[in-house]
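Inside the fold
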Amino acid sequence: PPLRPTPSPFPPLHVYLLLKVVDHYENPRNVGSLDKNKKDVGTGLVGAPACGDVMKLQIQVDGNGKIVDAKFKTFGCGSAIASSSLATEWVKGKSIDEALQIKNTDIAKELSLPPVKLHCSMLAEDAIKAALSDYRLKQEDKKKSANTSS
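Every value quoted in this text rests on a predicted model; they were computed, and no experiment measured them.

Attention now goes to the overall build of the chain. Looking only at helices and strands, the chain features five helices and three strands. Scanning the chain from its N terminus toward the C terminus, one meets helices and strands in the order α-β-β-β-α-α-α-α. Per-residue burial over the chain gives 37% buried out of 150 residues. A total accessible area of about 8900 Å² is found for the chain, and carbon and sulfur atoms account for 58% of it.

So, on to the pairing of strand E1 (residues 41-48). For E1, the tally of buried residues reaches six of eight residues, placing the bulk of the element in the interior. Direction of pairing for E1 relative to strand E2 (residues 53-61): antiparallel, over a ladder of eight bridges. Bridging across to E2, Val46 finds its partner in Met55.

For the rest of this paragraph, the subject is the sheet that holds E2. Strand order in the open sheet formed by three strands is E1-E2-E3, with antiparallel pairing between adjacent strands. What marks the edges here is a single partner per strand, and that holds for E1 and strand E3 (67-75). For this sheet the average axis-to-axis angle between neighbouring strands, irrespective of direction, equals 15°. In the sheet, E2 pairs with E3 via eight bridges, with the strands oriented antiparallel. Paired with Leu57 across the bridge in E3 is Phe72. Most of the contacts of helix H2 (residues 78-91) go to E3, to which it runs at about 175°, and overall it touches E2 and E3.

Our focus in this paragraph is the nonpolar core. Grouped together as the largest cluster of nonpolar side chains are 29 residues, with contacts concentrated most on Ile59 and Val91. Looking at this core, the elements with two or more residues in it are E1, E2, E3, H2, helix H3 (96-100), helix H4 (104-111) and helix H5 (118-149). With eight residues, the top contributor of residues to this core is H5. What Ile59 contacts, discounting residues up to four positions off in sequence, is Leu34, Asp40, Val41, Gly42, Ile67, Asp69, Ala70, Val91, Ala131, Leu132 and Tyr135.

As for its position among the elements, Val54 is in strand E2. Relative accessible area serves as the criterion here: at 36%, Val54 is assigned to the partly exposed category. Considered as a pair, Val54 and Cys77 are 23 residues apart in the sequence and their alpha carbons are 9.9 Å apart. When sequence neighbours within four positions are dropped, the list of residues in contact with Val54 reads Leu45, Val46, Gly47, Lys73, Thr74 and Phe75.

Viewed as axis vectors pointing N to C, H2 and H4 meet at an angle of 110°, and their least axial separation amounts to 10 Å. The pairing of H2 with H4 is recorded here as roughly perpendicular in orientation. The chirality of how H2 crosses H4 is right-handed. Within the contact between the two elements, H2 uses Ala82, Ser83, Leu86, Ala87 and Trp90 and H4 uses Asp106, Ile107, Glu110 and Leu111. Its residues placed into classes, the contact of H2 with H4 shows six nonpolar, one polar and two charged.

A word on H2. Over its 14 residues, H2 extends 20 Å from the first C-alpha to the last, a length consistent with the 20 Å expected when each residue adds 1.5 Å. For H2, the complete set of buried residues consists of Ser79, Ala80, Ile81, Ala82, Ser83, Ser84, Ser85, Leu86, Ala87, Thr88 and Val91. Gly93 occupies a position one or two residues after H2 and carries a positive phi of about 85°.

About the criteria used
- Residues numbered from 1 in each chain as written.
- Predicted model: local features only at pLDDT ≥ 70, side-chain atom pairs only at ≥ 80, totals over all residues.
- Heavy atoms only, no water.
- Helix = DSSP H or I, 4+ residues; strand = E, 2+ residues; numbered from the N terminus.
- Buried < 20%, exposed > 50% of the residue type's maximum accessible area, 1.4 Å probe, protein only.
- Areas by Shrake-Rupley, 256 points an atom, 1.4 Å probe, with all protein chains shown as cover.
- Pairing = 2+ DSSP bridges.
- Axes fitted to C-alpha atoms, helices over the stretch in contact; angles between N-to-C directions.
- Contact = heavy atoms within 4.5 Å.
- Core = buried A, V, L, I, M, F, W, Y, C linked by side-chain atoms within 4.5 Å.
- Parallel < 35°, antiparallel > 145°, perpendicular 65-115°, else oblique.
- Left-handed = near helix turned anticlockwise from the far one by under 90°.
- Nonpolar A, V, L, I, M, F, W, Y, C, P; charged D, E, K, R; others polar.
- Expected span 1.5 Å × (residues − 1).

Right, here's the structure in full:
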């Protein structure tokens, strides 16, 4: 009989890569909300009209400019939820400038997103930037009100 390769006892590599998305989908990290009215909380709300995904990502920043907490709520597919979950994990402990360096390509690579799901990682990057922008606006408003009251 012809020789046949011995089947591997391990799943193919693509199965392991998919497990990261499944893990974040089934066990999402940092789901929830922060108080959007607090001056140390930035909120980003973004959506993708093409697929209907909506992502809210919030950050809480301490007095030293370090992100100490992050929460998200996402209405969308498993890849969108996984991208949001990973994004909140990555921003925690970073400075605002460091968080701005997180790119959708890094998220997509970490989760091994297929090309058809790259928009999910783009939404996560946009949500991070929107939350950081909201936080910065609140800080400017805080400075302005402090200057006008003194």
